[in-house]
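Given next are the chains, with one letter for each unit.
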6 protein chains.
Amino acid sequence: MLNESLIPRVPYEGCRSSYSDADLVLIGAGYDGTSSYRPGSRFAPQAVRAETLYSQEDYSPYFDREITEKAIHDAGDLDLPIGNKTGVLEMIREAARELFADRKRPCFIGGEHLITLPVIEAALEKYQGLHLLQLDAHLDLIDELFGDRLSHGTVMRRCLEMLQKGDCLHQVGIRSGSREEWQFARQHTRLFPFDTKAFLENAAQLQGFPVYLTLDLDIFDPAQFPGTGTPEAGGIFFPEFIAFLKGIAGLNIVGCDVVELSPKIDPTGNSTAFAAKVLRELLIAI
Amino acid sequence: MLNESLIPRVPYEGCRSSYSDADLVLIGAGYDGTSSYRPGSRFAPQAVRAETLYSQEDYSPYFDREITEKAIHDAGDLDLPIGNKTGVLEMIREAARELFADRKRPCFIGGEHLITLPVIEAALEKYQGLHLLQLDAHLDLIDELFGDRLSHGTVMRRCLEMLQKGDCLHQVGIRSGSREEWQFARQHTRLFPFDTKAFLENAAQLQGFPVYLTLDLDIFDPAQFPGTGTPEAGGIFFPEFIAFLKGIAGLNIVGCDVVELSPKIDPTGNSTAFAAKVLRELLIAI
Amino acid sequence: MLNESLIPRVPYEGCRSSYSDADLVLIGAGYDGTSSYRPGSRFAPQAVRAETLYSQEDYSPYFDREITEKAIHDAGDLDLPIGNKTGVLEMIREAARELFADRKRPCFIGGEHLITLPVIEAALEKYQGLHLLQLDAHLDLIDELFGDRLSHGTVMRRCLEMLQKGDCLHQVGIRSGSREEWQFARQHTRLFPFDTKAFLENAAQLQGFPVYLTLDLDIFDPAQFPGTGTPEAGGIFFPEFIAFLKGIAGLNIVGCDVVELSPKIDPTGNSTAFAAKVLRELLIAI
Amino acid sequence: MLNESLIPRVPYEGCRSSYSDADLVLIGAGYDGTSSYRPGSRFAPQAVRAETLYSQEDYSPYFDREITEKAIHDAGDLDLPIGNKTGVLEMIREAARELFADRKRPCFIGGEHLITLPVIEAALEKYQGLHLLQLDAHLDLIDELFGDRLSHGTVMRRCLEMLQKGDCLHQVGIRSGSREEWQFARQHTRLFPFDTKAFLENAAQLQGFPVYLTLDLDIFDPAQFPGTGTPEAGGIFFPEFIAFLKGIAGLNIVGCDVVELSPKIDPTGNSTAFAAKVLRELLIAI
Amino acid sequence: MLNESLIPRVPYEGCRSSYSDADLVLIGAGYDGTSSYRPGSRFAPQAVRAETLYSQEDYSPYFDREITEKAIHDAGDLDLPIGNKTGVLEMIREAARELFADRKRPCFIGGEHLITLPVIEAALEKYQGLHLLQLDAHLDLIDELFGDRLSHGTVMRRCLEMLQKGDCLHQVGIRSGSREEWQFARQHTRLFPFDTKAFLENAAQLQGFPVYLTLDLDIFDPAQFPGTGTPEAGGIFFPEFIAFLKGIAGLNIVGCDVVELSPKIDPTGNSTAFAAKVLRELLIAI
Amino acid sequence: MLNESLIPRVPYEGCRSSYSDADLVLIGAGYDGTSSYRPGSRFAPQAVRAETLYSQEDYSPYFDREITEKAIHDAGDLDLPIGNKTGVLEMIREAARELFADRKRPCFIGGEHLITLPVIEAALEKYQGLHLLQLDAHLDLIDELFGDRLSHGTVMRRCLEMLQKGDCLHQVGIRSGSREEWQFARQHTRLFPFDTKAFLENAAQLQGFPVYLTLDLDIFDPAQFPGTGTPEAGGIFFPEFIAFLKGIAGLNIVGCDVVELSPKIDPTGNSTAFAAKVLRELLIAI
């Protein structure tokens, strides 16, 4: 049979479970419609997967484990109606609902940060007392951006309004925002600016709660990860991320996303390779 | 007052009239929110102007004339609420209205092609029997794209609905679209596919009518003009454009726009220089 | 079911036939192991397919036909053992054999030009009196390159040795090679240098014979198609290619390939879009 | 009048003072005529300003302060006669003189490092006992480069000759130069190679003196800041710069410049964003 | 001996004559100090040579001749004191003098167009009644640019002052300049704007005179040749250049130069390959 | 004499010894035929040398020494038969043999990592008890890659088979590989993953033995060194490399290589400048 020698699709390398056997489900949501500066994260899911085919090992020496050992299914990408924001958010919400209903832990590949909102809506239907753990350079706590309440700059404000209380939103690595956002964060969220150290000292407090992890890749320094829409100097580097993953071992991560890779911004292609490696470590660690 | 919604600016070289003295008014509308493929035309107005500072002569040897001889005012860029499409269209419409009311001929620098829609709305309030002359690779005649009736792929369909009759829309240089769009065009518009020659033979029929010229830069071959979101091989080259401008001499152009330069796509910067030169020739010719 | 809203794989847009129903079968062979100058065509098959998802219409206005009307199956990419040339050629030959045996017309996406060799080997088992129609900037008639008889520079010499007689190899658009290659070509092949016009005047002579078409994309001028390993100024542009396709209408094309796109060389991405459009026209035309 | 030699401009975001109300005055000097390796810093002033329009917050979380709180006027760019070095230096010197005479603290955006020379000439007319604090990868202490005493490689030697004594020149972060320059520096300047720590331990000695700060952005590691003409591995990263700014709090900074951004070298655009952020922190801190 | 398997230097491929045996001598003059827009042509000589090593055939199918058949010596590059314009011009003039004295025909690889000036000075010492044949997009007839009489924008004005009379300067392919330059050219030079056709019809008039050919590569359209500092749409393509070379067959070319390749502007590298091929054809043709 | 003002070839700046006087001999081996992901290291030797001409100082402030003080000869590049792997390896082996026979210490510039294999073969003929010190992100211990025992992924496995015993292979900075490779390494080599610290604590054990140092530049973090075929986040930065060089002072380094720079991957050119600087420090240190 011809097909046996073919690559029948482009899954993330090493994600070999069927949907029914899977614990984690990888799914792309390449939406970037509200990017206020440099768009392009719509191309991320496909780019990340393709990258893993050529260059990525299954094995993590940081965790002495292979991604193939985890029960992960790569479901492909949502075929989003780019330009129709309402439709996009609805489609993501429905997918997330179905995944949570099937007792899967979703891992969404963005897209911009707004895609987190419908996933959190779905997660809250399933998990009471959900904590939201945000790694990010930006607060994303604007109330209205250009007369719009739904954008990559307002997404955490919207999430916060749905969470039980402010101390369920943990904002880690933050180093940018307006004065108003910073004042709001200091009053209403648990803010750990600049790096991950202060959060890790308190991570044990999340023990026992369902936690959703949203990783905006711009938490990384632009030196490490240039391929993102809104670069912000002063971020973390890869070793700190590995330490973070080790520090949250034992937490009950019920879902996650990785957002804001914009592959075409980085002509070396290294940002895509970086995001793929970050995703491998994340999938192995949680 | 028009100026209050504008971003202060580097003016296009050679545009030296005050607003009150001006016949032509240059104004930027850097919106790219509905780009279905490669966004980035939001950066065009500023890039084009900056380019003229360094490298562009005022003099056109094609028309033996300097841009400084025309009464052109560069009004700057509209400060558009990126992400809020309704607000964007409203702001452009208001600016166009004011310009037409002040008996100016506007020249909008896009942005994507959707920005033409509110300008045509304003133009039709002023000019009965307006003809719309579209230079473009794409028909832009989709009725609904991803459930959306307002997008860069539907803009000419919307314009057509407002024009008196179909033979007021002249589509020149077209070489892409769905079968449905082509069938629609063959029935409802004046279609001159692939190049400008057939149109020019009939251009005299527009004599006496008010004409709005919308120039989607992707009418040019991607070899000539790589920096655009939806490149389509088989387009025209610069000398044909000069011949076109000479061919429409004498027409009553009441306004125009130049859209779909996406500067960052072309790392040589030559697409921006090209758009600036095209704009110089256009401003001198009309 | 979740999967219904997903893109389950990345097929070339519009290729919707099952394998059994298909007449034409698209298949990737991303090998670039003998590139003597700038490698990278290994990335072409995946890049071309991904491109069609975002930006390409199914409809060709040049032929007034949609790609969906043709019975085309996209079989995916061969999982080639890069670095093991013998293994690579063997795997391509086997796939081609199977396709010809199943009465399919294969369309291979390279990779470098050497991939044509095993396909011709398989084609000759099926089709006696096969003519090989080569569009190319280079003769590829070197006997031995760096002590190697199997390379992208020798591939047509090897093919020629298998064909019945020299006048079965038609070399069109050629504009580069050593003096020895040119002298050899003038004696042993049917040479139509620089453009396609002289060939088209004689194309009728191929009527009735089985013809395999190999399209080295570097036949196009580097202005039109910068993304290739060995750019050679003075090539054809897109309209001439459309004229060529119209000129060979009626020939019995039993298979084809499109080779030497190297996507990363062209940072605008336009070369990939160009190759995808060329492929669409080719698939519709033959 | 200062303004007559200026290019109209896009102002740096948040600089809202009128000239008369301003304490700090931002002014561009895009000269790169003596760059011995990779020119292009001429494009920096305009690029930095444009960057701030799209992406930069007014608020610094490092200093808990907004740039709008400082009395800063953005005067635009000097319209320099590129190619006429004498004329360029004269025009910068005159602008600096006028600014110092008007009791403003100038902040020049280069351009290459040679632009510092005429500013120091003007500063010394105003401030006796001036200290010059240089952050840089290179010593710039060559006496004559290619038979030329005025170049980006000789600028600190020329400045030193004008300063009262050698211990008024503080060279921080240096990691490149000829043996002769290093020997000269060890004898004639206060040299703090490789990083800023040793300088900060001694910074208090500058208390009370007028200090001019010249920031050659190539003090940053090329990983952090690739967009510069003469990259030199082993430099500082952003957090060390913030620590430096905190360490010089209380010094009497009478003027400053930021030089050697070459925007086109970094195709991601991140170097320009980085320079803009560095400038924001600098303007807020001093 | 180890050295026998080494590439001992980087000569232009196929230039194998010793200096004493050579008729033509290739020599690099990588100066770009007066570039008013985008510098970088200093890198051209080395880039062009390196390019020929990897990818260029010795054989021209356009002239059915190999470059190895011509007696060409590649002398390497002048080690110019970048930044010291007077010294640069002096060194080029001395090299040209020596070459003309040794009865060689020099072929200079620029660098910017100003390098032609000292070569013409040397040529005029040797050849009375010299004609200067300029292929260029720009007139380069400004009298003073930024207070400077020696720049890439004034070079033909300076040359003209040295030539016997105005009808010795033939300006071909011109499509840019100020109104003043165009008026001056119409009165004082032989002007053949936009393309080479009108000149070729008159080329026979140069028969018998010594002719120096200066080829500013920006005569080519930026689509064909993006890698130049001042791109100007509307230029010629490669086939017209071949026709030009055939049209000047029989003229007495006593020297030539090829200027204004700026390799880093074109990230595909194709502009460098293009310049190398143009140079091959030129060396074979004259 | 004309030649005295010329750059007669492109040697690495500061390498001024004749072959007979030299202790160290620099030699290029630009082979990349087995690169499984992103090829291009074939261009490295020429790129590194050219870089040093423009921008690199002879003096290292880290070691207070000039490269000119060392007796280094730059022999140029081997003219390798790209595509013919056997021939390539043979030619490198012969060159290495001759160099060792002439009592030189070779420093090879790759090329991919496979070039180390023939050098080690030659070294072992000369030096019994040779230790191999590998700085690398990857183990390169695969036994067979795509049915091939000779590739950049298997090179250290092949070297290990030739060394006396496993504890002669020191693998430093490793952070990638398959589980099988890691298990193999833990049993058969001296493995110092992630950074250089643990190795340096044990470096004294190498005292007295002949040591060959192979530096795969991808040991550096991609932030520091983006221009390599297989980027792997989490690597070292420049200061750690300087500390490493100081830590191995006194070891008997009998030869070395620097591999896996792929210049075209990094459009800023900074990776080439980085590799050149690394090479300068290495040549000065050993």
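Residues numbered from 1 in each chain as written. Chains lettered and ligands numbered in written order. Predicted model: local features only at pLDDT ≥ 70, side-chain atom pairs only at ≥ 80, totals over all residues. Heavy atoms only, no water.

Enquirer: I keep staring at the overall build of chain A and nothing clicks. Help me out?
Expert: Across its full length, chain A holds eight helices and eleven strands. Compactness check: chain A gives a C-alpha radius of gyration of 18 Å against a globular reference of 19 Å for 286 residues, within 12% of the reference. With respect to the three principal axes, the spread of C-alpha positions in chain A is 65 × 40 × 40 Å. Within chain A, buried positions represent 68% of all 286 residues. For chain A, the proportion of contacts with a sequence separation of at least 24, taken over those separated by at least 6, is 76%. Between the averaged position of the 27 positive side-chain charges in chain A and that of its 41 negative side-chain charges there is a distance of 3 Å. (Helix = DSSP H or I, 4+ residues; strand = E, 2+ residues; numbered from the N terminus. Rg over C-alpha atoms; globule rule 2.2 N^0.38 Å. Buried < 20%, exposed > 50% of the residue type's maximum accessible area, 1.4 Å probe, protein only. Contact = heavy atoms within 4.5 Å. Lys, Arg positive; Asp, Glu negative; His and termini not counted. Charge placed at Lys NZ, Arg CZ, Asp CG, Glu CD.)

Enquirer: Explain helix α8 (residues 270–285) of chain E here, please?
Expert: An α-helix turns once every 3.6 residues. As a result, residues three or four positions apart point the same way. An ideal rise of 1.5 Å per residue puts 22 Å on 16 residues; α8 of chain E measures up with 22 Å between its terminal C-alpha atoms. With 15 of 16 residues buried, α8 of chain E is to be regarded as a mostly interior element. (Expected span 1.5 Å × (residues − 1).)

Enquirer: I'm lost on the side chain of D218 of chain F in this one. Help?
Expert: Residue and element names in this part refer to chain F. Mapped onto the elements of the fold, D218 is located in the loop between β10 (210–216) and α7 (238–247). One buried charged residue, D218, remains without a salt bridge, the closest side chain of opposite sign being R175 at 5.8 Å. Within the local environment of D218, its side chain forms a polar contact with the backbone nitrogen of A137, the two atoms lying 3.1 Å apart. (Salt bridge = Lys/Arg side-chain N within 4 Å of Asp/Glu carboxyl O. Polar contact = N/O pair within 3.5 Å; in protein donor to acceptor, adjacent residues only side chain to side chain.)

Enquirer: In this structure, what is going on with the relation of the copies chain A and chain B? I would like to understand it.
Expert: A rotation about an axis combined with a shift along that same axis relates the two copies of the chain. For the pair chain A and chain B, the superposition axis carries a translation of 0.0 Å, the fit reaches an RMSD of 0.0 Å, and the rotation angle comes to 180°. The transformation relating the two chain copies, once decomposed into turn and shift, fits a two-fold axis. Most of the interface of chain A is mirrored in chain B, where 100% of its interface residues are also at the interface. (Least-squares fit on C-alpha atoms with pLDDT ≥ 70 in both.)

Enquirer: Would you mind going over the pairing of strand β8 (residues 169–172) of chain E with me for this structure?
Expert: Successive side chains on a regular strand alternate, one facing one side of the sheet and the next facing the other. Residue and element names in this part refer to chain E. In β8, alternate side chains face the same way, and those of L169 and Q171 on one face and H170 and V172 on the other are all buried. The sheet contact formed by strand β7 (residues 131–135) and β8 spans four bridges and is parallel. Directly across from L132, in β8, lies its bridge partner L169. Regarding the hand of the β-α-β motif, the stretch spanning β8, helix α5 (residues 179–188) and strand β9 (residues 190–192) is right-handed. (Pairing = 2+ DSSP bridges. Right-handed = clockwise from strand over helix to strand, strands pointing away.)

Enquirer: Can you walk me through the interface of chain A and chain B in this structure?
Expert: How big an interface is tends to be stated in terms of accessible area lost as the parts join. Taken together, the contact pairs 15 residues of chain A with 15 residues of chain B. Summed over both sides, the interface of chain A with chain B buries roughly 1300 Å², with 54% coming from carbon and sulfur. Counting every contact that joins chain A to chain B gives zero salt bridges. Where chain A touches chain B, the interface holds zero residue pairs in polar contact (both at pLDDT 80 or more). Across the side of chain A that touches chain B, the residue classes break down as seven nonpolar, five polar and three charged. (Buried area = accessible area lost by both parts, 1.4 Å probe. Nonpolar A, V, L, I, M, F, W, Y, C, P; charged D, E, K, R; others polar.)

Enquirer: Looking at this structure, I do not really get helix α4 (residues 155–162) of chain C. What am I missing?
Expert: Residue and element names in this part refer to chain C. The element α4 is extensively covered by neighbouring structure, given that six of its eight residues are classed as buried. Within α4, burial applies to V155, M156, R157, R158, C159 and L160. Where the residues of α4 are buried, they touch α3 (116–126), β7 (131–135), β8 (169–172), α5 (179–188) and β10 (210–216).

Enquirer: So what exactly am I meant to see when it comes to the arrangement of the chains here?
Expert: The two partners chain C and chain D share no contact, and the minimum distance between any of their C-alpha atoms is 10 Å. If you take every C-alpha in chain A and every C-alpha in chain E, the smallest gap between them is 10 Å, and the two do not touch.

Enquirer: What am I meant to see in the state of the cysteines here?
Expert: Disulfides are covalent bonds that link the sulfur atoms of two cysteine residues. Residue and element names in this part refer to chain A. All told, the structure shown has zero disulfides over all chains when counted by the stated rule. Summary of cysteine pairing: C168 is not part of a disulfide, and the nearest cysteine sulfur, belonging to C159, is at 12 Å. Look at C168 and you get buried, because its relative accessible area is 2%. (Disulfide = S-S within 2.5 Å.)

Enquirer: Help me out: how do you make sense of the packing of aromatic side chains in this one?
Expert: Two aromatic rings, taken as a pair, are described by how far apart their centres are and by the angle between their planes. All told, the structure shown has 72 aromatic pairs over all chains when counted by the stated rule. Ring geometry for F199 of chain D and F244 of chain D: centres 6.0 Å apart, planes at 35°, overall tilted. With a gap of 45 residues between them, F199 of chain D in helix α6 (residues 197–202) and F244 of chain D in helix α7 (residues 238–247) connect regions that are remote in the sequence. Judged by its relative accessible area of 1%, F199 of chain D is buried. On the basis of an interplanar angle of 75° and a centroid distance of 6.0 Å, the ring pair of F238 of chain E and F274 of chain E is categorised as edge-to-face. Pair noted here: F238 of chain E is in helix α7 (residues 238–247) and F274 of chain E is in helix α8, with a separation of 36 residues, a long-range link. Each of the two residues, F238 of chain E as well as F274 of chain E, counts as buried. Members of the aromatic cluster, joined through ring pairs, are Y59, Y62, F220, F225, F238, F241 and F274 of chain A together with W182 and F194 of chain F. If you follow K264 of chain B out to its NZ or CZ, it ends over the ring of F43 of chain B, 4.5 Å from the centre. Sitting above the plane of the F184 of chain C ring, R157 of chain C keeps its charged end 3.8 Å from the centroid. (Phe/Tyr/Trp six-rings, centres within 6.5 Å; stacked < 30°, edge-to-face > 60°. Lys NZ or Arg CZ within 6 Å of the ring centre and 35° of its normal.)

Enquirer: Any chance you could explain unusual backbone geometry here in plain terms?
Expert: Most peptide bonds take the trans form, and the phi angle of most residues other than glycine is negative. In this structure, G111 of chain E follows G110 of chain E across a cis peptide bond, with omega equal to 5°. With respect to the element layout, G111 of chain E can be found in the loop between β6 (105–110) and α3 (116–126). We note that D64 of chain C has phi near 45°; this positive angle belongs to a residue other than glycine. Take D64 of chain C: it is sitting in the loop between β3 (59–60) and β4 (65–66). For F194 of chain C, which is not glycine, the phi dihedral falls at a positive 75°. Here F194 of chain C is to be found in the loop between β9 (190–192) and α6 (197–202).

Enquirer: Please explain the environment of G229 of chain D as it appears in this structure.
Expert: As for its placement among the helices and strands, G229 of chain D is situated in the loop between β10 (210–216) and α7. G229 of chain D sits 125 residues away from K104 of chain D along the chain, and the two C-alpha atoms are 30 Å apart.

Enquirer: I would appreciate a short explanation of empty space enclosed by the protein in the present structure.
Expert: Considered as a void within the structure, the second largest cavity measures approximately 620 Å³ in volume. In terms of lining residues, the second largest cavity is bounded by 48 residues, among which P222, A223, Q224 and P226 of chain C together with A223 of chain E are the most central. (1 Å grid on protein atoms, 1.4 Å probe; cavity = no way out; pocket = protein on both sides within 12 Å on 5 of 7 lines; lining within 4 Å. Points joined across faces, edges and corners; volume = space filled by probe spheres on them.)

Enquirer: For this particular structure, what's the right way to read the pattern of salt bridges?
Expert: Side chains that differ in charge, positive against negative, can pair when their charged atoms come close. Summed over the entire model, instances satisfying the criterion amount to 124 salt bridges over all chains. The shortest N-O distance in the salt bridge between D143 of chain A and R158 of chain A comes to 2.5 Å. Taken as a pair, D143 of chain A in the loop between β7 (131–135) and α4 (155–162) and R158 of chain A in helix α4 lie far apart in primary sequence, 15 residues in all. What makes R158 of chain A buried here is its relative accessible area of 7%. In this structure, D64 of chain B and R179 of chain E form a salt bridge, with 3.8 Å as the shortest nitrogen-oxygen distance. A residue pair is termed interchain when its members come from two chains, as with D64 of chain B in the loop between β3 (59–60) and β4 (65–66) and R179 of chain E in helix α5. For D64 of chain B, a relative accessible area of 43% corresponds to the partly exposed category. If you follow the salt bridges from partner to partner, you end up with D64, R65 and E69 of chain A together with R179 of chain F in one network.

Enquirer: Explain the side chain of Q134 of chain A to me, please; I cannot follow it from the model alone.
Expert: Residue and element names in this part refer to chain A. Within the secondary structure, Q134 sits in strand β7. A polar contact of 2.9 Å, which involves the side chain of Q134, links it to the side chain of D136. A polar atom in the side chain of Q134 sits 3.2 Å from the backbone oxygen of H138. Setting aside chain neighbours within four positions, we find Q134 in contact with H113, L139, D140, M156, L169, H170, Q171, V172, I174 and T214.

Enquirer: It is not clear to me how the pairing of strand β2 (residues 24–29) of chain F should be interpreted in this structure. Could you clarify?
Expert: Residue and element names in this part refer to chain F. Burial analysis of β2 places six of its six residues in the buried class, the great majority of the element. Of the two faces of β2, the one holding L24, L26 and G28 and the one holding V25, I27 and A29 are both buried throughout. Pairing geometry for β2 and strand β5 (residues 72–78), over four bridges, is parallel. Each residue of the ladder has a partner; that of L26, found in β5, is D74.

Enquirer: What is the right way to read the environment of H131 of chain E from this model?
Expert: Residue and element names in this part refer to chain E. Following the sequence through the fold, H131 ends up in strand β7. H131 gets classed as buried once you look at its relative accessible area, which sits at 7%. Distance from H131 to H170, taken between C-alpha atoms, is 7.7 Å for residues 39 residues apart in sequence. Once residues lying within four places of it in the same chain are set aside, the contact partners of H131 are D167, C168, H170, L206, F209, P210, V211 and Y212.

Enquirer: Even after reading the chapter, I still don't get the packing of helix α3 (residues 116–126) of chain F against helix α4 (residues 155–162) of chain F, so can you show me in this structure?
Expert: Helix packing for two helices is described by the angle between their axes and how far apart those axes are. Residue and element names in this part refer to chain F. Put simply, α3 and α4 touch, their axes get as near as 9 Å, and they point 10° apart. In terms of orientation, α3 lies roughly parallel with respect to α4. Residues T116, L117, I120, E121 and L124 of α3 lie in contact with α4, whose contacting residues are V155, M156, R158, C159 and M162. (Axes fitted to C-alpha atoms, helices over the stretch in contact; angles between N-to-C directions. Parallel < 35°, antiparallel > 145°, perpendicular 65-115°, else oblique.)

Enquirer: Help me out: how do you make sense of the packing of helix α2 (residues 85–101) of chain B against helix α3 (residues 116–126) of chain B in this one?
Expert: All names here are of chain B. Interhelical geometry of α2 versus α3 gives an angle of 35° and a closest axis separation of 8 Å. Helix-helix and strand crossings are classified by hand; for α2 and α3 the assignment is right-handed. Mapping the contact onto sequence places L89, I92, R93, A96, R97, F100 and A101 in α2 and P118, V119, E121, A122, A123, E125 and K126 in α3. Residue composition of the contact of α2 with α3, grouped by class: nine nonpolar, no polar and five charged. (Left-handed = near helix turned anticlockwise from the far one by under 90°.)

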